[in-house]
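# Reading the structure
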Amino acid sequence: MAFIRKRRQEQQQLYSKERFSLLLLNLEEYYFEQHTANYIFNKDGRERRKIRGSLKICSKSVIFEPDEISHPIIKIPLRDCIKIEAPEDSDTNDFYAGALPGQISILSNQAFLTKEQNVIAPFKMERGKTEYLFQLDVAGKVDDVLHTLHQLYRASHLDKLGDQAAMITAILQSRLARTPFDKNRFQNVSETLHMECKAEMVTPLVTNPGLVCITDANLYFQPLNGYPKPVVQVMLHSVRRIYKRRHGLLPLGLEVFCTENNLCSDIYLKFYNTQDRDNAYFFMATYLENHVTEHTAESYMLQWQRGHISNYQYLLHLNNLADRSCNDLSQYPVFPWIIADYSSSELDLTKPETFRDLSKPVGALNKERLERLLIRYREMPEPKFMYGSHYSSPGYVLFYLVRVAPEYMLCLQNGKFDHPDRMFNSIAETWKNCLDGATDFKELIPEFYENDSSFLLNSLKLDLGKTQGGKIVDNVELPPWASDAEDFLQKSQDALESQYVSEHLHEWIDLVFGYKQKGNEAIAAQNVFHPLTYEGGVDLNSIMDPNERVALLTQILEFGQTPKQLFTIPHPRRIIPKFKSFPRASSHDFSMPESPGEESFEDLTEESITLAWNHMTRLKIDGQHKIHRGAITGIAVPYSSNQSSIFTTSQDSTLKMFSAESKMLQRSISFSNMALSSCLILPGDTTVVCSSWDNNIYFYSIAFARRQDTLMGHDDAVSKICWHNDRLYSASWDSTVKVWQCIPADLLGTKKRFELLAELEHDVSVNTINLNAAYTLLASGTKEGSISIWDVTTASILHQLPCHSGTVSDAAFSPDSRHLLSTGEDGYFKVTDVQTGMIISSMRSEEPQRCFKWDGNTVLSGSQSGELLVWDIVGGKIIERIAGHTGAVTCMWMNERCSSIITGGEDRQIMFWKQQY
């Protein structure tokens, strides 16, 4: 995880000369400046001694860092100071006799000592009135330093926290305004400056004020204090992703990544107003060369559903999109408890009882505790909440990570570790407390499902104390089924990617990121937390009282925050392939394994289809023929003819039969003087059915070469027809889709009888329809861009969605019927989840796509310009362009094995395509 990797990088400096870090400051404290100085003190009351180091001026304290690591760092809180002065101006104390220029005296009631011998341990406290004398190397700076210290001293002695914060903010903003960005730090003199503003660099628990500068080549951040270095630089050509963030529930954050797939960002900036943040985003996005298109939650959902990313990866992506960041411990990525068995000697991932119920929040897993909480909830005045603590907060994150991030815990808890009995001592005890504890409802963090076990081990040999039972707090105690920390993480990964979790993970997503997060659904799911934890729960900008504002902000940052809501309707389940299981390998390298067992004929068919789609980018024209006088509207091939005969319809009002073998036109049939809109061949290969703009449907006998039947079924043009099991489905511009039952006559050649079974009514003209593979669902697309999904077994509508801003050109279900792909005049492809009706992916092309075929992952489409395009629908990108027709591609036929393709176009041609292996 990014947090541990960053800590590793920092730990390389833990035993270097510089021991100071921003974590020595209080929460919401700023580090302003430093001065090389000596600390002068009386040894044994007689000998004066000097210790070399640096004096750091911070908004709430003065910190002296000795150069020698054997000496402790001294932190003097300004609120505990009695007097700050230059001793040469005072003649009242013998200690200052013979005071030299450049000296500053601080009289304080209390100070803290830390990192003696550079050991990370709880702070030691020096109580009692004590004088601290420092001598600056540059004596001329004393007046300026004293002026700053007196200002901060006055701020720290104000009664109200809001007043303190306001005065410190004023001092900070004044210093930032007087500090210009050093243009000499530009990497190249030819860089063009586009933006400069004030901001803060965010790292866990602390922020560092400074100036942001954006050029056409780089993003620069110049810290006010020059820490950790004078300028932080990020080259724009290396940036892969940028995200707008909310920080403290306000839209002020911007996080920049030079990687594509992890949560380790290169810089996180917090601006002082939203406009500056948005301007920075705009300028950066304008000059990025390798910017990865931002994925939506719905597009990641599609990848996850179809097995392209693991459960672990999907949860990481959702956390990222919901503003969870490793740089913000109040919004650290949240992962679920998965395993419920921490007592067995063997972990059985085939038993449902091994797993936690993912449909319930942690607080609702224990029925008895939940009942007590519900009684309190019912008696509580508005605003009500069920749980008094959150499932993710800085305290909980550091509870798990204290062994690898001890300085963060000391920062959060004012220089102390937690009581030994309350620390992360045992996996089983922590789980039990989450089930039974009156106020413990925490979930897990990503580290539990990764490969770095250091957070479970006390590798730094920290003195974390003894429990009341006399047990020394050391490594985390593991469950009996784990042989060591690495084995625990491996089994946790296996559990996260198990079939049970894959089938139920969407239930937990509904609670944390989805429609059960807030509102009535959250109440019904016993998933209600304090109002301040939710986005929009409070408008800090509307609070004028500075004290109330500071109190609320502190509570927001320390209590924890609910992720941004990503889904507002039920999250669909994952597609679990038959005969396939999820791998035991690392969740980072997720792929679907091959089906076990002997290959059947169906397996071979599936393999050939997969092979065909894998080679769809290698299509080559195998012949082209102009056989109509108008645009081609439909293509049909007999099931048993092996493409020897091709039937096509056209706007020239004719049905034509073309021989692929002799490359000759064999028949031309005209039913009326109006355009034919589509055609199909009935099972048995004896009848072609054509739809017409003259409101009729025509049946043509291939054997007898004549019109066999006419169905006058609509009041306007018939736009599309489908057939299954003696049922005809017809779509029309009269705003209906009609379902007809065909009753064959006893004698061959006599007219069939059609009985109207159902009429699916729409508000506007229907342009296209499609049946799913099981023939239980029908999708209809209208001229106004809406998509309807119907259950044809009950003739009832399941979903009606405003998908497109223009006519829907084509729509088709995926082979597994889980998704519906549609395209329209607006140039968009939209993927709809059939179960929920959620539009889960949206891709825009340069021009409208008129028709397509797809296998659920890859799309072959015919464009307005005549090209064939191959799309990676999961990745959301075009992977191949193939030159084809000279006008729009209007229709497309593909054989069952997806290896043979015929297209028709406005150029009046049909084209045959084959794949080059």
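The structure under discussion appears in the preceding block.
The following paragraphs examine the structure supplied in this document.

## With respect to helix α4 (residues 274-287)
If you check α4, its first and last C-alpha atoms are 20 Å apart, about what 14 residues at 1.5 Å a residue would give, namely 20 Å. Within α4, burial applies to D276, R277, A280, Y281 and M284. Buried residues along α4 cover an arc of 135° about the axis, so they all sit on one side. Exposed residues pointing more than 90 degrees away from the buried face of α4 are listed as Q275 and F282. Structurally, α4 contributes buried residues whose contacts are with β8 (193-203), β9 (206-215), β10 (218-223), β12 (241-247), β13 (250-257) and β14 (267-271). For α4, the N-terminal cap is N273; the gap from its side-chain oxygen to the backbone nitrogen of Q275 is 3.2 Å.

## A closer look at the packing of aromatic side chains
This structure, assessed with the given rule, holds 41 aromatic pairs. Ring centres of F20 and Y227 lie 5.5 Å apart, and the angle between their planes is 75°; on these two criteria the pair is classed as edge-to-face. Of the two residues, F20 sits in the loop between α1 (2-11) and β1 (31-43) while Y227 sits in the loop between β10 and β11 (232-235), which places them 207 residues apart along the sequence. Here the aromatic cluster, defined as three or more aromatic residues joined through ring pairs, consists of W337, Y342, F399, Y400, F424, W431, F448, F455, W481 and F488. The ring of Y377 is capped by K384, whose NZ or CZ atom sits 5.4 Å from the centre of that ring.

## Examining the sheet that holds strand β20 (residues 676-681)
The strand order β20-β21-β22-β23 describes an open sheet built from 4 strands, whose pairing is antiparallel. At either end of the open sheet lies a strand with only one pairing partner, and these are β20 and β23 (706-712). Averaged over all pairs of adjacent strands, the angle between strand axes in this sheet comes to 20°, irrespective of strand direction. In this structure, strand β21 (residues 687-692) lies alongside strand β22 (residues 696-701), joined through 5 bridges in antiparallel fashion. Looking across to β22, one finds that C690 is bridged to Y698.

## Examining the pairing of strand β3 (residues 61-66)
Counting buried residues along β3, 6 of its 6 residues qualify, which places the element largely inside the surrounding structure. By the alternation rule, side chains of β3 split into S61, I63 and E65 and V62, F64 and P66, which are all buried. Strand direction decides the pairing type here: β3 and strand β4 (residues 73-77), joined by 4 bridges, are antiparallel. If you follow F64 over to β4, its bridge partner there is I74. The hairpin turn running from β3 into β4, its antiparallel successor, is 6 residues long.

## Here we look at the packing of helix α3 (residues 161-177) against helix α14 (residues 546-559)
Where α3 contacts α14, the axes come no closer than 7 Å and their chain directions differ by 90°. Put simply, α3 runs roughly perpendicular to α14. On the side of α3, the interface is formed by L161, G162, D163 and A165, while α14 contributes P546, N547 and V550. For the contact of α3 with α14, the per-class residue count stands at 4 nonpolar, 2 polar and 1 charged.

## Quick word on a negative patch on the surface
A surface patch of like charges, here negative, comprises D159, D163, D545 and E548. In this fold, D545 is placed in the loop between α13 (520-524) and α14. For D545, a relative accessible area of 36% corresponds to the partly exposed category.

## So, unusual backbone geometry
Between Y227 and P228 the backbone carries a cis peptide bond, its omega angle lying at 5°. Following the sequence through the fold, P228 ends up in the loop between β10 and β11. Cis geometry marks the peptide bond from E382 to P383, where omega comes out at -5°. Positionally, P383 belongs in the loop between α7 (367-379) and α8 (394-401). One non-glycine residue, N414, lies in the positive phi region at around 55°. If you trace the backbone, N414 turns up in the loop between α9 (406-412) and α10 (427-436). Owing to a relative accessible area of 61%, N414 belongs among the exposed residues under this scheme.

Cut-offs applied
Residue indices begin from 1 for each chain and proceed along its sequence in written order. The predicted nature of this model means local features are confined to residues of pLDDT at least 70 and side-chain atom pairs, given and counted, to a pLDDT of 80 or more, with totals for whole chains, interfaces and linings taken over all residues. Working from all heavy atoms in the structure, the side-chain values ignore hydrogens and water. Secondary structure elements follow DSSP: runs of H or I no shorter than four residues count as helices, runs of E no shorter than two count as strands, and numbering proceeds from the N terminus. Here the expected span of a helix is defined as 1.5 Å times the quantity of residues minus one. Buried residues are those whose accessible area, probed at 1.4 Å on protein chains only, stays under 20% of the maximum for their type, while exposed residues exceed 50% and partly exposed ones sit between those limits. The arc refers to the directions leading from the helix axis to the C-beta atoms. Contact between two residues is taken to exist if any of their heavy atoms lie within 4.5 Å; hydrogens are not considered. Whenever a nitrogen or oxygen atom comes within 3.5 Å of another N or O atom, the pair is scored as a polar contact, on the condition that within protein one atom can donate a hydrogen and the other can accept it, and that pairs from neighbouring residues in sequence are kept only if both atoms are in side chains. Only Phe, Tyr and Trp rings are paired, with Trp represented by its six-membered ring, and only when their centres lie within 6.5 Å; those with planes under 30 degrees apart are stacked, over 60 edge-to-face, the remainder tilted. Think of it as a cone above the ring: NZ of Lys or CZ of Arg counts as a charge over the ring if it is within 6 Å of the ring centre and within 35 degrees of the ring normal. DSSP bridges decide pairing: two strands pair if at least two such bridges lie between them. Here an axis means a line fitted to C-alpha atoms, over the contact stretch when the element is a helix, while the angle between two N-to-C directions is reported on a 0 to 180 degree scale. The cut-offs work like this: below 35 degrees is roughly parallel, past 145 is roughly antiparallel, 65 to 115 is roughly perpendicular, and the gaps in between are oblique. By the convention adopted, Pro, Cys, Tyr, Trp, Phe, Met, Ile, Leu, Val and Ala count as nonpolar, Lys, Arg, Asp and Glu as charged, and the other residues, Gly among them, as polar. Residues forming no salt bridge and having over 30% relative accessible area are the ones grouped into patches, like charges within 9 Å of each other and nonpolar side chains (Val, Leu, Ile, Met, Phe, Trp, Tyr) within 5 Å. Only the protein chains shown count as cover for residues, with accessible areas throughout obtained via the Shrake-Rupley method and a probe of 1.4 Å. Salt bridge, as used here, is a side-chain nitrogen of Lys or Arg placed within 4 Å of a carboxyl oxygen of Asp or Glu. Under the convention used here, Asp and Glu are negative, Lys and Arg are positive, and both His and the chain ends fall outside the count. By convention, the charge on Lys lies at NZ, on Arg at CZ, on Asp at CG and on Glu at CD.

Read these as layout, nothing more, since geometry by itself doesn't imply function.
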